[in-house]
Amino acid sequence: MRKMDNEMYSLMEKLFPICRSITGEGVRQSLNIIKELVPLKIYEVPSGTKVFDWHVPNEWNVNDAYVKNSKGKRIIDFKKSNLHLVGYSTPFKGKINLKDLKQHLYTLPKQPKLIPYITSYYNEKWGFCLAHEDLELLKDDFYEVLVDTKLEPGNMTYGELIIRGQSSKEILLSTYICHPSMANNELSGPIVTSFIAKNILEGKKLYYTYRIIFIPETIGALTYLSRNLDKLKKRVVAGYVITCIGDSGHFSYLQSRQENTLVDRVTLHILKYCLDKYNIYNYHDSRASDERQYCAPGIDLPVGSLTRTRPGKYPQYHTSGDNFDIVNSKNLIESIKIYEKCIQVFENNHTYKTTVLGEPMMGKRGLYPILSKKGKKDQNIYDMMDILAYCDGDQDLLWIADKLNRSFLKLLPSIKILLENKLIKKVSI
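Predicted model only: the values in this text are computed from it and were never measured.

What counts as what
Residues numbered from 1 in each chain as written. Predicted model: local features only at pLDDT ≥ 70, side-chain atom pairs only at ≥ 80, totals over all residues. Heavy atoms only, no water. Axes fitted to C-alpha atoms, helices over the stretch in contact; angles between N-to-C directions. Helix = DSSP H or I, 4+ residues; strand = E, 2+ residues; numbered from the N terminus. Parallel < 35°, antiparallel > 145°, perpendicular 65-115°, else oblique. Left-handed = near helix turned anticlockwise from the far one by under 90°. Contact = heavy atoms within 4.5 Å. Nonpolar A, V, L, I, M, F, W, Y, C, P; charged D, E, K, R; others polar. Buried < 20%, exposed > 50% of the residue type's maximum accessible area, 1.4 Å probe, protein only. Core = buried A, V, L, I, M, F, W, Y, C linked by side-chain atoms within 4.5 Å. Pairing = 2+ DSSP bridges. Phe/Tyr/Trp six-rings, centres within 6.5 Å; stacked < 30°, edge-to-face > 60°. Lys NZ or Arg CZ within 6 Å of the ring centre and 35° of its normal.

Visitor: What am I meant to see in the packing of helix 10 (residues 329-348) against helix 13 (residues 408-420) here?
Guide: A packed helix pair is summarised by two numbers, namely the angle formed by the two axes and the spacing between the axes. Two elements in contact, helix 10 and helix 13, have axes whose closest approach is 10 Å; the angle formed by their N-to-C orientations is 40°. The orientation of helix 10 with respect to helix 13, classified from their angle, is oblique. Judged by the twist between their axes, the crossing of helix 10 over helix 13 is left-handed. Seen from helix 10, the contacting residues are Lys341, Gln344, Val345 and Asn348; seen from helix 13, they are Phe408, Leu409 and Leu412.

Visitor: Would you take a moment to explain the packing of helix 11 (residues 379-390) against helix 12 (residues 397-404) for this structure?
Guide: Taken N-terminus to C-terminus, the directions of helix 11 and helix 12 make an angle of 120°; their axes are 10 Å apart at the nearest point. With respect to helix 12, the axis of helix 11 lies oblique. For the pair helix 11 and helix 12, the crossing hand works out as right-handed. Taken together, the residues of helix 12 that come into contact with helix 11 (itself represented by Asp386, Ile387 and Tyr390) are Trp399, Ile400, Lys403 and Leu404. Of the residues belonging to the contact of helix 11 with helix 12, the class tally is five nonpolar, no polar and two charged.

Visitor: Got a minute to help me understand unusual backbone geometry in this structure?
Guide: With the exception of glycine, most residues fall at negative phi, and the peptide bonds are largely trans. Positive phi, close to 60°, is recorded for glutamate 259, a residue that is not glycine. Here glutamate 259 is to be found in the loop between strand 14 (251-254) and helix 7 (262-274). Its relative accessible area of 33% is what places glutamate 259 among the partly exposed residues.

Visitor: Would you explain the nonpolar core in this entry?
Guide: Nonpolar side chains in soluble globular proteins tend to end up buried together. Of all hydrophobic cores here, the largest spans 78 residues; its most connected members are Ile191, Ile196, Tyr210, Tyr240, Leu306 and Phe346. In terms of residue count, the dominant contributor to this core is helix 10 (nine residues). Not counting the four nearest positions on each side in its chain, leucine 306 is found in contact with Tyr240, Val241, Thr243, Ile245, Phe251, Ser252, Tyr253, Thr267, Leu271, Ile338, Tyr339 and Cys342. Core analysis: the second largest hydrophobic core is formed by 47 residues, Leu222, Leu232, Tyr283 and Ile299 among them.

Visitor: Just checking my understanding: could you explain the environment of glutamate 259 for this structure?
Guide: Along the chain, glutamate 259 and arginine 211 lie 48 residues apart, while their C-alpha atoms are 21 Å from each other. Ignoring any residue separated from it by four or fewer positions in sequence, one finds glutamate 259 in contact with Asp264 and Asn282.

Visitor: Explain the sheet that holds strand 16 (residues 303-307) here, please?
Guide: Hydrogen bonding along the main chain pairs the strands of a sheet, whether they run parallel or antiparallel. The strand order 1-10-12-11-13-16-14-15 describes an open sheet built from eight strands, whose pairing is mixed. Both outer strands of the open sheet, strand 1 (41-46) and strand 15 (278-281), are each paired with one neighbouring strand and no more. Ignoring which end each strand starts from, the neighbouring axes of this sheet average 20° apart. One ladder, built from two bridges, connects strand 13 (residues 236-241) with strand 16; its direction is parallel.

Visitor: Looking at this model, I keep getting lost on the packing of aromatic side chains. Mind explaining?
Guide: Here a ring pair, both rings aromatic, is described through the centre-centre distance and the interplanar angle of the planes. Applying the stated rule across the entire model yields 14 aromatic pairs. Plain terms: the ring middles of tryptophan 126 and phenylalanine 128 are 6.2 Å apart, the flat faces sit at 75° to each other, and that makes the pair edge-to-face. In this structure an aromatic cluster arises from ring pairing among Tyr9, Phe16 and Phe324. Residue placement shows arginine 308 over the ring face of phenylalanine 251; its charged tip is 4.2 Å from the ring centre.

Okay, here's the thing in structure tokens:
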């Protein structure tokens, strides 16, 4: 646990200062750092590539950006915080007065100490973000502005890791890697996803294949879908969008558009039996990230989003307040454990059928007390008998666990005993 804590913190420290956007060197640099932990395959998609109703934009990179007052002091400085520059700002150099400068400045009057995160991907302009209290200190003056950026044909970059299991059926884990220095909205997703991937790689033999992707939000999901849609529709049985998973809020689950898919059933079950407090959201109420793409009509993948506080629902969201004050290793490790419990259910959720007609004689197998007497029996006995009562080959183990109002994970020892004694057999998954 301590080793993971240290590794996680080290990875976050490396990734936090990097200026990421939907394209550019920041994305490549971040993916190459993650690649040191898990063996990602990195793909490049050229600018202008059509992806459904969209196209991959020109690549954007930043050398420097600042606003200086007439005394030559940098009063807004990209090098101090990459949130200061509006994402995808076009190049600009010149001197302008305060009135004209204000047309390019963005603040949050209701959160006057925080720098907002603003982008303008498909509308070419330049701009700066700053704390509102700093805006109010600006004097009537001439200001030197430099936006040293390049916006030109290049590529959009994403990472993929496929971990093969016994089955060609897949679990999709998708996280986005396109925001600058924000700890929860950006880094918590890639961090948690990276360590889930690492643990899967180091774990036991798998039933499912795991498709794990690190993509720019929206345009990355659309691009990935456009390149892989046929195989995804055939293979993906469940998936998650992993984001906003490092704060201390209660866990929240956004259901898939279809609801009652395998991912919905598994996640709701784990939340119910592993946590005291959690939140459930319907797709039409709270879709906020790439679940909009995966669940879109015609794509129809069974994908939900298990987060802590939902995107946009915590006050530091999309601001400089989204930092290490609200994210820590304890929360991240707890999130990894909840995801891994869900994975444990996926891996063990088979459909079983009894191998004998009528109730089997458990006593001769040493599975039932020889003497019938009044008193409380071992819970395993009740579990085995209840499982046998419903193993008709039609319903999976998760259905049985929900029917019995028992934790799926606590039924697994009983399933193992029944299999060892050849009282049930696996029919399907």
